[in-house]
Amino acid sequence: MTATHGSRKADRPKAKKAFGIGMLGYSFMGKAHSNAYVRMPFFFDPPPAIPRLVTICGRSRQKVREAAERYGYPRYETDWRKVVADPEVDVVDNGLPNDMHAAPCIEAAERGKSILCEKPLARNAKESETMLRAVTKAGVKNMVFYNYRFVPAIHLFRQLVAEGAVGKVRQFRAAYLQDWIVDPNFPLTWRFRKSSSGSGALGDIGSHVIDLGRFLVGEIESTCALTKTFMHERPIPGTSKKGRVDVDDAFISMVKFKGGAMGSIEASRVAAGRKNHARIEVHGSEGSLYFDLERLNELQLYSLRDPADRRGFRIISVTERMHPFMSNWWPPGHSIGWEHAMVNQVYHFFDALANDKKVEPWGATFHDGHRVDVILDAMLKSVRTERWESTS
Ligand SMILES: NC(=O)c1ccc[n+]([C@@H]2O[C@H](COP(=O)([O-])OP(=O)(O)OC[C@H]3O[C@@H](n4cnc5c(N)ncnc54)[C@H](O)[C@@H]3O)[C@@H](O)[C@H]2O)c1
């Protein structure tokens, strides 16, 4: 007889509560989120709760069936309404294109489900306001996948700024640069149409660094921006025709923070040679902090208070057990990657869900998602008016 057979029921650890996941989208984000649900209880010991994969949804029946098999979902659908209505689904995860964020999230809220949604929360602030109203009215837990908040070095960045390690913040600088559409023959997908995406590089990757500006420094009160579209037409997939691009390829902006700091935020999807380069820098009265997503295990600190730093920035390898989330991963010096931030984020959400904790301020709620959309709208307005625009 094994020890388990012999143990009395009362001696066994209590089974963790499980929450059923309904995943909308099986592609890039559907895959990344599903991976995070599977990994979280594997690495976080004990997990606050167990994410149970219930069903996944996508447009193509064949592809969603294959994805369900690969990721571990017992069921699949091609109609998101069936996923949202499924009684076994407790948490709806929306990884669909931007024009399909609002309707499923609002319906999920009305059905009392907890909700995770990809960024940007919606195509514009008016749309995300309806989503924010729905989750607030229903009182359901909600979070936006501003996943870079959960990179341990970014978590540490925020802690150090809050502790005053760089003194009073004077300047924030962020550039998110990619080059995956630098080829003019890259096809016209949903990301190039304002009606489906809302904006281009601005909302797609600029939203991440705008969110980080708010996360690390505080609220943004006004902005002045410039956008540019370099390639106005792209091939329509499956045809020999070209269609019009009506979103930006790149943007640059200046921002004013409520706390008095100034900032510059930019993004491009045509920055030749840059693959996923997000650099964030904060300069304060007592020093500076610097982070680069392509070296995400590192944080650089320069302190005017520390004589040793006169030789230059010190590089902190954010892989020690004392660093945020790192006690759940590998021994010190064994680096982590892009997908681990999503696992950390899923842990945070399930901890909030199972133990009735707040998602904010470490996680981005629909309030934060809406605030980013307000800032994106103000930037687009500023492009038209060629003036500073308020984000209040
Ligand atoms: N947080 C991040 O780092 C990050 C990275 C990439 C994308 N995103 C965001 O994630 C979202 C999805 O992006 P993606 O790159 O996975 O897009 P994608 O184009 O690769 O995938 C879209 C998915 O939506 C499904 N879909 C589209 N229309 C549908 C419909 N009518 N019914 C059912 N399913 C439908 C497709 O089948 C596919 O599975 C976007 O909001 C994007 O901005 C976030």
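See above for the structure.
Residues numbered from 1 in each chain as written. Predicted model: local features only at pLDDT ≥ 70, side-chain atom pairs only at ≥ 80, totals over all residues. Heavy atoms only, no water.

Peer 1: It is not clear to me how the site of the ligand should be interpreted in this structure. Could you clarify?
Peer 2: For the ligand, the set of nearby residues contains 23 residues, the closest of which are S27, N98, K119, N147 and R191. Between an oxygen atom of the ligand and a side-chain N or O atom of S27, the distance comes to 2.8 Å. Residue R59 places a main-chain N or O atom 3.1 Å away from an oxygen atom belonging to the ligand. With the chains in place, 88% of the 850 Å² that the ligand exposes on its own is no longer accessible. Split by residue class, the shell around the ligand holds 11 nonpolar, eight polar and four charged. Composition of the shell around the ligand by domain shows at least three residues from each of domain 1 (17–146) and domain 2 (148–390). (Near = heavy atom within 4 Å. Polar contact = N/O pair within 3.5 Å; in protein donor to acceptor, adjacent residues only side chain to side chain. Areas by Shrake-Rupley, 256 points an atom, 1.4 Å probe, with all protein chains shown as cover. Nonpolar A, V, L, I, M, F, W, Y, C, P; charged D, E, K, R; others polar. Domains from an automatic or database assignment.)

Peer 1: Before we go on, may I ask you to explain the pairing of strand β2 (residues 50–57) in this structure?
Peer 2: The side chains of a regular strand alternate between both faces of the sheet. Burial analysis of β2 places six of its eight residues in the buried class, which makes it a mostly covered element. Where strand β1 (residues 18–24) meets β2, seven bridges bridge the pair, whose relative direction is parallel. Note on β2: the bridge partner recorded for G20 is R52. Each parallel crossover has a hand, and for β1 linked through helix α2 (residues 28–43) to β2 it is right-handed. Two elements, β2 and strand β3 (residues 75–77), share three bridges in a ladder whose sense is parallel. Bridged to C57 within β3 is E77. Once you follow β2 into helix α3 (residues 61–71) and on to β3, the crossover reads as right-handed. (Buried < 20%, exposed > 50% of the residue type's maximum accessible area, 1.4 Å probe, protein only. Helix = DSSP H or I, 4+ residues; strand = E, 2+ residues; numbered from the N terminus. Pairing = 2+ DSSP bridges. Right-handed = clockwise from strand over helix to strand, strands pointing away.)

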